[in-house]
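Take a look at the letters that make up each chain.
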Amino acid sequence: MKILCVCGLGQGTSLILRMNVEQALGEKGITADVEHIDLSSATSMSADYIITSNELAESLQDHPAKVIIVNNYFDMDEINAAIENNIPA
């Protein structure tokens, strides 16, 4: 399974999100290839899931991946809930 963590520039914020997503997946025993990337690059990459903010999700509505919204990239409770509700273990 491939997961893209997307922010506007693909630098700091998406890297933090990626690290938190990897931690949450690991705690649930879910194996995935997780990458952090900028919005424009994400539109042309293949993935099973994209995790991003509500504002950026609108730009990814045509992407075939399931888009999962997490608005606070630092909130592990929100990240855990988003994963539990959208990604099968």
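Scroll up a little and you will see the structure.
This section reports on the structure supplied with the text. What you see as residue numbers is a count from 1 along each chain, following the sequence as written. Selection of residues for local features in this predicted model requires a pLDDT of at least 70, selection of side-chain atom pairs for listing and counting requires 80 or more, and totals for whole chains, interfaces and linings are taken over all residues. The basis for every side-chain value is the complete set of non-hydrogen atoms in the structure, without hydrogens or water.

Buried Ala, Val, Leu, Ile, Met, Phe, Trp, Tyr and Cys residues that are joined via side-chain atoms within 4.5 Å together make up what is termed a nonpolar core. Burial classification: accessible surface area is computed with a 1.4 Å probe over protein chains only, and a residue below 20% of its type maximum counts as buried, one above 50% as exposed, and the rest as partly exposed. Counting residues in hydrophobic clusters, the biggest one holds 18 residues, and the most contacted among them are Leu-17, Val-21 and Ile-83. Going along the chain from the N terminus, every DSSP run of H or I of four or more residues is numbered as a helix, and every run of E of two or more is numbered as a strand. Of all elements in the fold, only strand 1 (2–7), helix 1 (12–28), strand 3 (49–52) and helix 4 (76–86) reach the threshold of two or more residues within this core. It is helix 1 that contributes the most residues to this core, 4 residues altogether. Ignoring anything within four residues of it in the chain, the contact list for Ile-83 reads Val-21, Ala-24, Leu-25, Lys-28 and Ile-30. Core analysis: the next-biggest nonpolar cluster, separate from the first, contains 10 residues, Leu-4, Ala-42, Ala-47 and Ile-50 among them. Throughout, a residue-residue contact means that at least one pair of heavy atoms, one from each residue, lies within 4.5 Å.

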